[in-house]
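As a plain string of letters, each chain reads:
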Amino acid sequence: MESRQKFRDLQWLLQAFETDETLNLHSISFYLSQPVSGCYQETENAININISTDCHEYFSLILIMLGPAKNTLLSLRNLEFHCVEWELQQVQNLGELLDCNLNIKQLMFRCNRFDSDCLSELSDVMKRNMTIKEVMFSESHIGTIGATFLASALKVNESLEELQIWEDSIGSKGAEELSKMIEANSTLKLLTIFDSSSITATPLLSAVLARNRALEVHVWSGESGDKSSKVVEFVPENSTLRIYRIDISGACRVACAIGLNSTVTSFDITGVRLKSRWAKEFRWVLEQNQSLKEVTLSKTSLKDKGVVYVAAGLFKNRHLERLHLDGNRFSGVGVEHLLCPLSRFSALQCQANITLRSVTFGGSRTKIGRDGLAAILLMLTTNETLTRLAIVDDQRMRPDDFFRIFKSLEKNASLRCLSLQGCKGVRGERVLQAIMETLQINPWIEDIDLARTPLHNTGKADAIYQRLGQNGKTEPEPENDLLKDMPLTEPKSCRVFFCGQEYAGKTTLCNSISQNFSSSKLPYIEQVRTLVNPIEQAVRTVGMKIRTFKDEDTKISIWNLAGQHEFYSLHDLMFPGHGSASFFLIISSLFRKPSNREPKTPMEIEEDLQYWLRFIVSNSKRAVQQCMLPNVAVVLTHYDKVNQTSQNLQATVSSIQKLRDKFNGYVDFYPTVFTVDARSSASVSKLTHHIRKTSKTVLQRVPRVYQLCNDLIQILSDWRSENYNKPAMKWKEFAELCQVKVPPLRIRSRHDNKEKIEMRRRAVATCLHHIGEVIYFDELGFLILDCEWFCGEVLSQLIKLEVRRQSSAENGFISRKELEKILRGNLQCQIPGMGSKVFENLEASDLVKMMMKLELCYEQDPSDPNSLLLIPSILEEGRGKPQKWQLSGADCLYAGRHLRCDDSSHMFLTPGFFPRLQVHLHNRIMALKNQHGATYSLEKYLISININGIHIRIELGGQLGYYIDILACSTKNLTETLRLIHQLIIPAIQSLCHGVTLIENIMRPECVQNLIPPRYRKAQFVPLQQLKQALLSVPAESMYDYQHTWDSVSDSGRTILRAGFDLARDLLSDDDFREVLHRRYHDLYNLATELQVPPETDPDEAENSLSNAVQNDKVDPTFGGIAKGVETVLQRLKIIEQEIRDLKQEIQGLRYYEHRLLIELHRKVNYLVNFNVQIEGRKVPNMFYFVRTENYSRRLVTNIISGMTALRLHMLCEYRREMHVVQDQVGCEVMHIDNMAVKCLAPYMTKFMKLVTFALKIGAHLAAGMGNLIPDLSREVAHLADSSLMHGAAGSVAAGAAGAAAMGRINGIRNRNKAGDIQQDLRSAQQWVVDFLRDRRCSTGKDIADKFGLWRVRYRDDGHIAWICRRHMAIRANEIIEVPI
């Protein structure tokens, strides 16, 4: 090492460069103008070369020699030149060196001198060199000329990544040239400039920002001998731009460059003195830039005008998240403008900027003042996005101001951090108390920074920090339901619904009752009649009205349902829900109109009452389970005009009594019928007493409500008073109200389970809805506080459209703007000076959205924001219009379904049902993925749909809407048409009529084809289930040709429809017909399902004799005589299959299952016949059965029990595929069945009988010779079908061991154990037979032939053994060889 560091002369160096291949130099440094020439190695890889003035020629020589020294200097990376005064030739030599050695990456020139020619040559070198990565000039005085040459070179060079110019002055012109280079060069990664003037930073930085270059820039300067300082810094890695010093014009230029920049996310210009001119440019930056996330303008001397420009930019900015403006000189005006885009000035206004999350302002020179404080309070109250607010070092705000700030935070749910560092006004107990109360209510605040405030300096802030820690704790949540610990109490509010037709006197009666409730304040009220102008008597009340009275501590609300027919569709929405304290008064006038004395007939009054009774019953069934029957009382008005002895009155009372009996069990009918003069307070006194008494009774019987509901009633009333009598409140406002005013519904910690607290709030809101205090629907973000306004004004506007006959509302459609205009007119309060404030707090478009959610209207095209809206309630009837199908032709198919209320005498589809169906069905169709341009048109009682080529008409029928007809015309088949009806139309209908059961009937196709009016097709339908039952009752061969007959219809002797018939297959879909077939062949279908998995082989179970027997076909299948029965069944199935060939693949699939069933039966019996051919060498037959003689006839024994006597053992002929009973077989008598016989035979008998019973089901026994033997096995079959043997692994093996293999690998593991059991069962049974025959001395072939008529033979083709009858011995002699024992 010492030898390497030894100072050597230049001759040695030249020699080493030429011959020494051991040199491994990475860096060579040249030092010229040195006292002594020579060289020495600083490190193993670096060498310094000193050249004195008199040896200057060595410098050129070394540069020349370094060029061809490729073999010795392959590792050379860096060249440094110190104190070199370059000549043109030397620069050219350097260029040649760089051209030859492509490994050199870095050049450094320190204290060098270049003339213009040298700089030009160096520029040419860099233009053609594509390997150098870094160039550094330090104190080399390249100046503007050098910068210009470098810029021209780097415009071409694509390899250089770092350029550094230190201790030089390139001037503004040089900087401009370099900025042009930056615009063209995209490979430069680092640019460092140390200039004598900071002006050079502006063009360089502007170019980098304007071109979105990922170029790290550092600019330093030391002007007028001052200490060097940084001017700008841009680091692409963290996308941060920091400007330390710049003039105003440069700042404006940089701002313009930032406008469309996408690389800077953080911009910091702290301490730079700015003016409004720059702020004006920066406004444009905020409006255009989409990458800036943080801007710091601290201590920039911005005044109000500058802040106004910044605030203006925030209105359009959608990306900035953090803004720092502390230490500036603006006042309250600037604060007001700054916070304006973050505030809302009315409930209808949207917050302009929703992306800014953090704002910092304040300082000793910032004068917030009264205007600024008001802006802060408004922002904190209305802002929904800001998470951090910092007001720092304020010297002027008072403790009262901070008290108000913290109070405003009670309603803020977004702010997480509040910093008040150095604010002198944060002091005193009142401020401390306000902070603690705010943290009690608002758990979302995570941090309050009070550093350097008087409250912190005195140590009083510790309690605040402790409370913040408690809000941040995560406590284990109890598992119990949060709703259970909410205390319940008896409700104090009851609703009375006045139901009746128009002109019944409901409003007049309500006024008289109102006077009775306040009778103590009015003397002689009993004699006072309501003064009603005769003209006003004829003016009906339009819309729903609500009157409220106080009876001690009970609140009674009378809901006067509109009696006009056009309002009936809205009544369903107002019906009380589950457990609601309410009852009904059905009011009917004894006269048709109050202006004349024409009395109503008892029938007319009965119809009036019956409508409302059915309405109440239908809605009570539709509602959630009721805790009590609806309480109903009848009131007859205009009694003063009736003659006391009127026969009509007595008949009316009798008809009401009949109604009471009819609806007994459906409603709680009050026994007394009230007859009143609605104008007389004295006449209605008893009715008033009834209302008071019934209200208390109902309140005691209904379920208790949450105690919070009673508290919230007053809280909501106070809120309305404070908010200009707003008729509705958003859910967010309700949540804020609960957070501030209702501790049990308050989120106490930011780690609380917010969903559970929200569930509590929704439960309370729902409870308020049920008791009639608000109208609330869970899917909407609103609570309607003024129910009368919503029902009587808003919803009634939809009805008034029909009355006004507006030209724009055609076929039920109206533009969104027109609907909003109509609704907006009703949002105006009639109190002078209050209207505009109400309008400011509720938007008409919100009501339109609400109505769409409630399915009171819908968009014609949901994808079009300007789509027309359909309001079903303004639809016109289509009477008088020609009714015909759009499709016509011989290939058209017609089908109809008639849905009728099951209990139409007590219930019906309420008037609100069909409008809801019109909307709901439209929404369902539009939501379909395959609707393919479905069309949807409406009339008042008609829905017309064309979807996927199927035309459907849905008609509401019946005087009280107790049925719906669905008519379809299609070119598709019947199954596809009915499938659309059953999968789309009927489910939509049933989803809207909860509690009302609809019975499906099949309509006569001719009625559908000719669109016969409903009055003529009343009897032209048949219940669907009745037709299916009829099909089940006819023989199997007649099912396909079954006909249903229709009666004729005539009107006044004119024939409307002739008598006729339709085939059942033309009335039912394939799905329905298949259902009938499945029920018909129930046992076959069950077995097919059990055996639907195809047999699979298991190579891993080669040693399993059962698997080998089935898989390798070692056992040849033989079925014998039973096969003939199977062939008979197959023939019958083929006939049926031929007859129903036009049915779809689903029904044919059943045939496939039946065919598979027969195959499985073949296979299972084959195994029973051939099981274990090695047992006793097949010395006895395998297939045996027992017979008992009863009344001179033989009956097959289906079950073996101990103690049985007088049985005979018989054997079957086992010839393959033709197994059968041997006629005149003697058999062998079994005198007694003992326990051992039962143990051996019972498993075999169970399995064999199951096989026989299934064969019985398909008629296989008829040709097997067992027809007279087999008893009625219906009970046994039912027992077997219900047994566990029919299912799982046991089911598969019950008819033989081969069933285990049929299940395959799916149940392989489970079946392996079962297979062994089956083999053991069969071995046990056959061993018993062998022993039994041996005991009876029937063990030889001759003995078996004598008793059973069977001979032992071997098949010629496969060598298997079988026992066959004499007939087969003769006819199959060429296939067998007798093998006697």
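Every value quoted in this text rests on a predicted model; they were computed, and no experiment measured them.

Cut-off values and rules
Residues numbered from 1 in each chain as written. Predicted model: local features only at pLDDT ≥ 70, side-chain atom pairs only at ≥ 80, totals over all residues. Heavy atoms only, no water. Helix = DSSP H or I, 4+ residues; strand = E, 2+ residues; numbered from the N terminus. Buried < 20%, exposed > 50% of the residue type's maximum accessible area, 1.4 Å probe, protein only. Contact = heavy atoms within 4.5 Å. Areas by Shrake-Rupley, 256 points an atom, 1.4 Å probe, with all protein chains shown as cover. Pairing = 2+ DSSP bridges. Phe/Tyr/Trp six-rings, centres within 6.5 Å; stacked < 30°, edge-to-face > 60°. Lys NZ or Arg CZ within 6 Å of the ring centre and 35° of its normal. Axes fitted to C-alpha atoms, helices over the stretch in contact; angles between N-to-C directions. Parallel < 35°, antiparallel > 145°, perpendicular 65-115°, else oblique. Core = buried A, V, L, I, M, F, W, Y, C linked by side-chain atoms within 4.5 Å. Patch = residues over 30% accessible without salt bridge, like charges linked within 9 Å, V, L, I, M, F, W, Y side chains within 5 Å. Salt bridge = Lys/Arg side-chain N within 4 Å of Asp/Glu carboxyl O. Lys, Arg positive; Asp, Glu negative; His and termini not counted. Charge placed at Lys NZ, Arg CZ, Asp CG, Glu CD. Expected span 1.5 Å × (residues − 1). Left-handed = near helix turned anticlockwise from the far one by under 90°. Nonpolar A, V, L, I, M, F, W, Y, C, P; charged D, E, K, R; others polar. pLDDT = per-residue confidence, 0-100. Polar contact = N/O pair within 3.5 Å; in protein donor to acceptor, adjacent residues only side chain to side chain.

Details of the overall build of the protein
Thought 1: Counting its secondary structure elements, the protein contains 46 helices and 51 strands.
Thought 2: When burial is assessed residue by residue, the protein has 54% of its 1381 residues classed as buried.
Thought 3: Relative to all contacts within the protein whose residues are 6 or more apart in sequence, the contacts with residues 24 or more apart total 73%.
Thought 4: If you sum the accessible surface of the protein, you get close to 61,800 Å²; carbon and sulfur atoms cover 49% of it.

Quick notes on the environment of Asp711
Thought 1: Positionally, Asp711 belongs in helix 23 (residues 707–722).
Thought 2: Linking Asp711 and Val742, residues 31 residues apart in sequence, is a C-alpha distance of 8.6 Å.

Concerning the pairing of strand 3 (residues 46–52)
Thought 1: For strand 3, the tally of buried residues reaches seven of seven residues, placing the bulk of the element in the interior.
Thought 2: Count of turn residues in the strand 2 (residues 38–43)/strand 3 antiparallel hairpin: two residues.

Here's the deal with the packing of aromatic side chains
Thought 1: All chains considered together, the criterion is met by 28 aromatic pairs.
Thought 2: Ring plane angle 70° and centroid distance 5.4 Å describe the contact between Phe59 and Trp86, whose orientation is recorded as edge-to-face. Taken together, the positions of Phe59 in helix 2 (residues 57–66) and Trp86 in the loop between strand 4 (78–82) and helix 3 (88–100) put the pair 27 residues apart, joining distant regions of the chain.
Thought 3: The buried category is assigned to Phe59, whose relative accessible area is 0%.
Thought 4: Classification of Trp86 as buried rests on a relative accessible area of 5%.
Thought 5: Among the aromatic residues, those joined into a ring-pair cluster are Phe30, Phe59, Phe81, Trp86, Phe109, Phe114 and Phe137.
Thought 6: Over the ring of Trp12 we find Arg8; its NZ or CZ atom is 4.4 Å from the centre of that ring.
Thought 7: Between the NZ or CZ atom of Arg430 and the centre of the ring of Phe403, over which it lies, the distance is 3.7 Å.

Focus on the packing of helix 6 (residues 171–184) against helix 7 (residues 201–210)
Thought 1: Two numbers describe how helix 6 lies on helix 7: the axes approach to 8 Å, and their chain directions differ by 10°. As summarised for this structure, helix 6 and helix 7 are arranged roughly parallel, according to the angle between their axes. Each of Ala175, Glu176, Leu178, Ser179, Ile182 and Glu183 in helix 6 lies in contact with helix 7, whose residues at this interface are Pro203, Leu204, Ala207 and Val208.

Observations concerning the nonpolar core
Thought 1: Core analysis: the largest hydrophobic core is formed by 143 residues, its most contacted members being Phe30, Leu79, Phe81, Trp86 and Phe361.
Thought 2: When near neighbours in sequence (up to four residues on either side) are disregarded, Phe81 contacts Phe30, Phe59, Leu63, Trp86, Leu94, Leu107, Met108, Phe109, Arg110 and Asn112.

Section: the sheet that holds strand 29 (residues 782–784)
Pairing between the strands of a sheet comes from backbone hydrogen bonds, and it takes one of two forms, parallel or antiparallel.
Thought 1: In space, the three strands of this open sheet follow the order 27-29-28, with antiparallel pairing throughout. Because the sheet does not close on itself, it has two edges, and the strands there are strand 27 (728–730) and strand 28 (775–776).
Thought 2: One ladder, built from two bridges, connects strand 28 with strand 29; its direction is antiparallel. Following the sheet pairing, Tyr776 is matched in strand 29 by Leu783.

Digging into a positive patch on the surface
Thought 1: Taken together, Arg273, Lys275, Arg277, Lys303, Arg329 and Arg365 make up a surface patch of like positive charges.
Thought 2: Within the secondary structure, Arg273 sits in the loop between strand 12 (266–268) and helix 9 (276–288).
Thought 3: Look at Arg273 and you get exposed, because its relative accessible area is 56%.

Regarding the sheet that holds strand 51 (residues 1376–1378)
Thought 1: Read across the open sheet, the three strands follow the order 50-49-51; overall the sheet is antiparallel. Only two strands of the sheet have a single partner each, and these edge strands are strand 50 (1361–1364) and strand 51. Going across the sheet, the axis of each strand differs from the next one's by a mean of 40°, ignoring polarity.
Thought 2: Of the strand pairs in this sheet, strand 49 (residues 1351–1355) and strand 51 are connected by three bridges, and their pairing is antiparallel. Bridging across to strand 51, Tyr1355 finds its partner in Ile1376.

Describing helix 6
Thought 1: Between its first and last C-alpha atoms helix 6 spans 20 Å; for 14 residues at 1.5 Å apiece the expected length is 20 Å, and the two agree.
Thought 2: The complete set of buried residues in helix 6 reads Gly174, Ala175, Glu177, Leu178, Ser179, Met181 and Ile182.
Thought 3: Residues of helix 6 that are buried sit in contact with helix 5 (143–154), strand 7 (162–168), strand 8 (190–195) and helix 7.

A closer look at the pattern of salt bridges
Thought 1: Counted under the stated rule, the structure contains 43 salt bridges.
Thought 2: For Arg1017, the salt bridge identified is with Glu955, shortest N-O distance 2.6 Å. Taken together, the residues Arg1017 in the loop between helix 32 (1005–1009) and strand 39 (1021–1023) and Glu955 in strand 36 (residues 950–957) connect sequence positions 62 residues apart. Neither Arg1017 nor Glu955 differs from the other in exposure class; each is buried.
Thought 3: Here Glu1006 and Arg1004 are joined by a salt bridge, their closest N and O atoms 3.0 Å apart.
Thought 4: On the basis of relative accessible area, Glu1006 is assigned to the partly exposed category, the value being 31%.
Thought 5: By relative accessible area, which is 3% here, Arg1004 ends up buried.
Thought 6: In the salt-bridge network here, residues are joined through shared partners; they are Arg344, Glu384, Lys732 and Glu736.

Regarding the packing of helix 11 (residues 332–339) against helix 12 (residues 369–382)
Thought 1: Here helix 11 crosses helix 12 at 20°, and the two axes come no closer than 7 Å. What the angle tells us is that helix 11 and helix 12 run roughly parallel. For the crossing formed where helix 11 meets helix 12, the hand is left-handed. Listed contacts from helix 12 to Gly332, Val335, Glu336 and Leu339 of helix 11 are Asp371, Gly372, Ala375, Ile376 and Met379.
Thought 2: Looking at the contact of helix 11 with helix 12, its residues break down into five nonpolar, two polar and two charged.

As for the side chain of Ser239
Thought 1: Within the secondary structure, Ser239 sits in the loop between strand 10 (229–235) and strand 11 (240–243).
Thought 2: Filtering out sequence-adjacent residues up to four positions away, Ser239 remains in contact with Thr263, Val264, Thr265 and Ser266.

Examining the confidence of the model for the protein
Thought 1: Averaged over every residue, the pLDDT of the protein is 77; the share at 70 or more is 76%.
Thought 2: Counting interchain partners and residues more than four positions distant, the pLDDT-below-50 stretch residues 475–481 has seven contacts.
Thought 3: In this model, residues 1256–1315 is a region of pLDDT below 50 whose contacts with residues beyond four sequence positions or in other chains number 128 contacts.

Comments concerning unusual backbone geometry
Thought 1: Positive phi is not limited to glycine here, since Glu139 has a value of about 55°.
Thought 2: Tracing the backbone shows Glu139 in the loop between strand 6 (134–138) and helix 5.
Thought 3: We classify Glu139 as partly exposed; its relative accessible area is 34%.
Thought 4: The backbone of Asn212 shows a phi angle near 55°, a positive value even though the residue is not glycine.

Here we look at the environment of Ser266
Thought 1: In this fold, Ser266 is placed in strand 12.
Thought 2: With a relative accessible area of 16%, Ser266 lands in the buried category.
Thought 3: A C-alpha to C-alpha distance of 8.4 Å links Ser266 and Asn238, two positions 28 residues apart in sequence.
Thought 4: Leave out the neighbours within four places in its chain, and Ser266 touches Ser239, Thr240, Leu241, Leu292 and Glu294.

A few points about the side chain of His769
Thought 1: Its location among the elements puts His769 in helix 25 (residues 754–770).
Thought 2: Taking the relative accessible area as the measure of exposure, His769 reaches 19% and is therefore buried.
Thought 3: At 3.0 Å, the side chain of His769 forms a polar contact with the backbone nitrogen of Tyr776.
Thought 4: Those residues within four positions of His769 in sequence are excluded, and the remaining contacts are Arg495, Val774, Ile775, Tyr776 and Phe777.

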